[in-house]
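Per-entry structural report
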Amino acid sequence: MVHLASVPNDKAANAPLVKGMENLKLEPNNEEDEVTASVYGSRFAAECLPMHEMPEKEMPKEIAYRMIRDDLSLDGNPMLNLASFVTTYMEEEVEKLMAEALPKNFIDYEEYPQTADIQNRCVSMIARMFNAPTHNEDENAMGTSTVGSSEAIMLGTLAMKKRWQNKRKAAGKDYSKPNIVMNSAVQVCWEKAARYFEVEERYVFCTEDRYVIDPAEAVNLVDENTIGICAIIGTTYTGEYEDVKAINDLLVEKNIDCPIHVDAASGGFVAPFVVPNLPWDFRLEKVISINVSGHKYGLVYPGVGWVVWRSPEYLPKELVFNINYLGADQASFTLNFSKGASQVIGQYYQMIRLGKHGYRSIMLNLTRTSDYLASALENLGFLIMSKKGGEGLPLVAFRLNPKDQYHFDEFAVAHHLRERGWVVPAYTMAPHSEKLKLMRVVVREDFSRARCDTLIADIKLAMESLKQMDKSTVAHHTKHVNKHHTSSGKSNVNNEHYKGEKHSLQGKTGKTHAVC
């Protein structure tokens, strides 16, 4: 998800970082240092990096590299970012493969037919992992790579809407009021898909002790205008698997013609290996499409996602475009056009390098580590909101016990951990449970038991430090952190023009959208 950037006006662009510096004149460096043995002896080291307008002249490549690298050193350490599901480790061999593929435009099938075929191999492997029906000779599952699960969800929503519209048109019925049923704890891309494609959102709201969709309530919201139900395998907040089978069985029992799209962005590469007997995929007759993020537990650097349909019946023909290469048509269904081939190649490497056994070993290790962390936090007095024993994603969602009546909250704990380099986010829960605050640690492939122990020690230290502070000190510190949330004060990703919106769940209820 990319933020909107506001282009500063001339006054803002030319304003000094510190007031009063407008008229400061420094002695120029008159040495001929365009080519210099030292980066920091060049004139560029004594000047601001260009920020708003492209410079007139070139910069030596070594200096450009060093200046940008120095600038990026102020970013956090990805390995300590426990907010994100996104992969932060891959082997050197696959990194080389991906680097070699950087010049390839994936969409150019004629020039790179082997890369296109590698995508097809990945789709086939993923579809079979999701138990797509392959026994019918006259029908076959369909799928494609995407930039991530956001694009995959957009495509899935479009396909459901178009199929619903076609059926309504054929029956001579009104097709102007489509709706979709989903949990209020969905990731923001579902809100965006509904908003962009003009589909009414119908929410099954969370409660203070239920953070997943209620199957009966979801099915009760279905009417003749419902294009589908979204069910999540691995919710963003607590990592729980929603009961897709219960939704499926209720639809079948009541003879309701409504499809299910499974958002397996986070759980699609976990559940098949940790709980292989859990029925949530194409084994259920009402499940018509599934999306998954390759760059999460698919173990590939961002961004790559996948979406698979049970059969062409569920992907209307008018949404698909044919691109001719080497004298043959290549069917294309995408919101994107040009994109790099590296991530698709990286996905293929991981699947043939690790195999089912390798993925299973990694996911079981992550599950053990998350269970260990959950037990440690429980012993420290936290309430655990996520599941253990592989019943959900390998993450730990936890909160302070209200019985302890601390004078600080989960956000204060998160701020203190940030001082040690950890990014452990705090959130407010989805609507109807928004009074709940929680923290979440995502256990990724490179989060070892040793690093887990370090985190536990730092959480203990943060709690001890906060207990020693009085209430006013905690409030002052929190206010200061919120005001100066970027390291340099130069970055402002929140465009003033769009503040205060009231159309999203966050704008309406204060729900915090969890990082993916």
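Quick caveat: nothing in here was measured; it's all calculated off a predicted structure. (Residues numbered from 1 in each chain as written. Predicted model: local features only at pLDDT ≥ 70, side-chain atom pairs only at ≥ 80, totals over all residues. Heavy atoms only, no water.)

It is worth spelling out the environment of Arg128 at this point. Note that Arg128 resides in helix H4 (residues 113-129). Residues Arg128 and Phe282, 154 residues apart in the sequence, show an inter-C-alpha distance of 9.4 Å. (Helix = DSSP H or I, 4+ residues; strand = E, 2+ residues; numbered from the N terminus.)

For the rest of this paragraph, the subject is the side chain of Ser311. Residue placement: Ser311 occurs in the loop between strand S7 (305-309) and strand S8 (321-325). Aside from chain neighbours lying at most four places away, what touches Ser311 is Glu139, Asn140, Ala141 and Met142. (Contact = heavy atoms within 4.5 Å.)

All right, on to the UniProt feature "modified residue: N6-(pyridoxal phosphate)lysine" (unreviewed entry) in the protein then. The positions UniProt marks with the feature "modified residue: N6-(pyridoxal phosphate)lysine" (unreviewed entry) are Lys296. Looking at where Lys296 falls in the secondary structure, it is placed in the loop between strand S6 (287-293) and S7. Classification of Lys296 as buried rests on a relative accessible area of 6%. (UniProt positions renumbered as here; feature names shortened; annotations may be inferred. Buried < 20%, exposed > 50% of the residue type's maximum accessible area, 1.4 Å probe, protein only.)

On to the sheet that holds strand S12 (residues 426-428), then. Read from one edge of the open sheet, four strands run S10-S11-S13-S12, paired in antiparallel fashion. Two strands close off the open sheet at either side, each with one partner strand: strand S10 (383-384) and S12. One ladder, built from two bridges, connects S10 with strand S11 (residues 395-399); its direction is antiparallel. When the bridges of S11 are listed, Leu383 appears paired with Arg399. (Pairing = 2+ DSSP bridges.)

Attention shifts here to the nonpolar core. In terms of nonpolar packing, the biggest core is built from 108 residues, with Val244, Val262, Trp280, Tyr297, Met363, Val424 and Leu455 touching the most fellow members. Here the element with the most residues in this core is helix H10 (residues 342-379); it accounts for 14 residues. Not counting residues within four places of it along the chain, the set of residues in contact with Tyr297 comprises Phe85, Ser266, Phe269, Val270, Tyr359, Met363, Leu366, Leu393, Pro394, Val442 and Val443. With 28 residues, the next largest nonpolar core counts Ile180, Cys189, Val307 and Leu319 among its residues. (Core = buried A, V, L, I, M, F, W, Y, C linked by side-chain atoms within 4.5 Å.)

Tallying each qualifying case throughout the model produces nine aromatic pairs. Centre to centre, the rings of Phe85 and Tyr297 are 6.1 Å apart; their planes meet at 80°, and the pair counts as edge-to-face. One end of the pair, Phe85, is in the loop between helix H2 (61-72) and helix H3 (92-100); the other, Tyr297, is in the loop between S6 and S7, with 212 residues separating them in the sequence. With centroids separated by 5.1 Å and ring planes inclined at 85°, the aromatic side chains of Phe382 and Phe398 adopt a geometry described as edge-to-face. Within this pair, whereas Phe382 is found in the loop between H10 and S10, its partner Phe398 is found in strand S11, the two being separated by 16 residues in sequence. (Phe/Tyr/Trp six-rings, centres within 6.5 Å; stacked < 30°, edge-to-face > 60°.)

Summed over the entire model, instances satisfying the criterion amount to 16 salt bridges. In this structure, Arg202 and Glu200 form a salt bridge, with 3.3 Å as the shortest nitrogen-oxygen distance. Residue classification places Glu200 among the partly exposed positions, given a relative accessible area of 41%. One salt bridge connects Arg444 with Asp446, and the closest N-O pair in it is separated by 4.0 Å. Taking the relative accessible area as the measure of exposure, Arg444 reaches 4% and is therefore buried. In this structure, a network of salt bridges that share partners links the residues Glu200, Arg202 and Asp223. (Salt bridge = Lys/Arg side-chain N within 4 Å of Asp/Glu carboxyl O.)

Helix length check: H10, at 38 residues, gives a terminal C-alpha distance of 44 Å against a target of 56 Å (1.5 Å per residue), a shortfall beyond 12%. Where H10 bends most, the angle comes to about 90°, and this point is Gly355. Once H10 ends, the next one or two residues include Gly381, with phi positive near 105°. (Expected span 1.5 Å × (residues − 1). Bend = angle between axes of the 7 residues up to and from the residue.)

Tracing the sequence through the fold places Glu410 in helix H11 (residues 410-418). One buried charged side chain, Glu410, makes no salt bridge at all; its nearest oppositely charged neighbour is Lys437, positioned 5.4 Å away. Contacts of Glu410, omitting those with residues within four sequence positions, involve Arg399, Leu400, Ala426, Lys437, Leu438 and Met439. (Lys, Arg positive; Asp, Glu negative; His and termini not counted.)

What follows deals with the sheet that holds strand S4 (residues 226-232). Here seven strands make up an open sheet; going across it, the order is S1-S7-S6-S5-S4-S2-S3 and the pairing mixed. Two strands bound the open sheet, and with one partner strand each, they are strand S1 (142-146) and strand S3 (200-204). Put simply, the sheet's adjacent strands are angled 20° from each other on average, direction ignored. Sheet topology places S6 next to S7; five bridges connect them, and they run antiparallel. Paired with Val292 across the bridge in S7 is Trp306. The sheet contacts of H4 involve S1, S6 and S7, and relative to S7 the element is tilted by about 65°. (Axes fitted to C-alpha atoms, helices over the stretch in contact; angles between N-to-C directions.)

Counting buried positions along S7 yields five of five residues, so the element is predominantly enclosed. What you see with S7 is no split at all: Gly305, Val307 and Trp309 on one side and Trp306 and Val308 on the other are buried throughout. Direction of pairing for S1 relative to S7: antiparallel, over a ladder of five bridges. In the sheet register, Gly143 faces S7, and the bridge partner there is Val308.

Of the positions making up helix H8 (residues 244-253), those classed as buried are Val244, Ile247, Asn248 and Leu251. Projected down its long axis, H8 shows its buried positions confined to an angular sector of 100°, all on one face. Asn255 sits one or two residues past H8 and shows a positive phi near 55°. (Arc of directions from axis to C-beta.)

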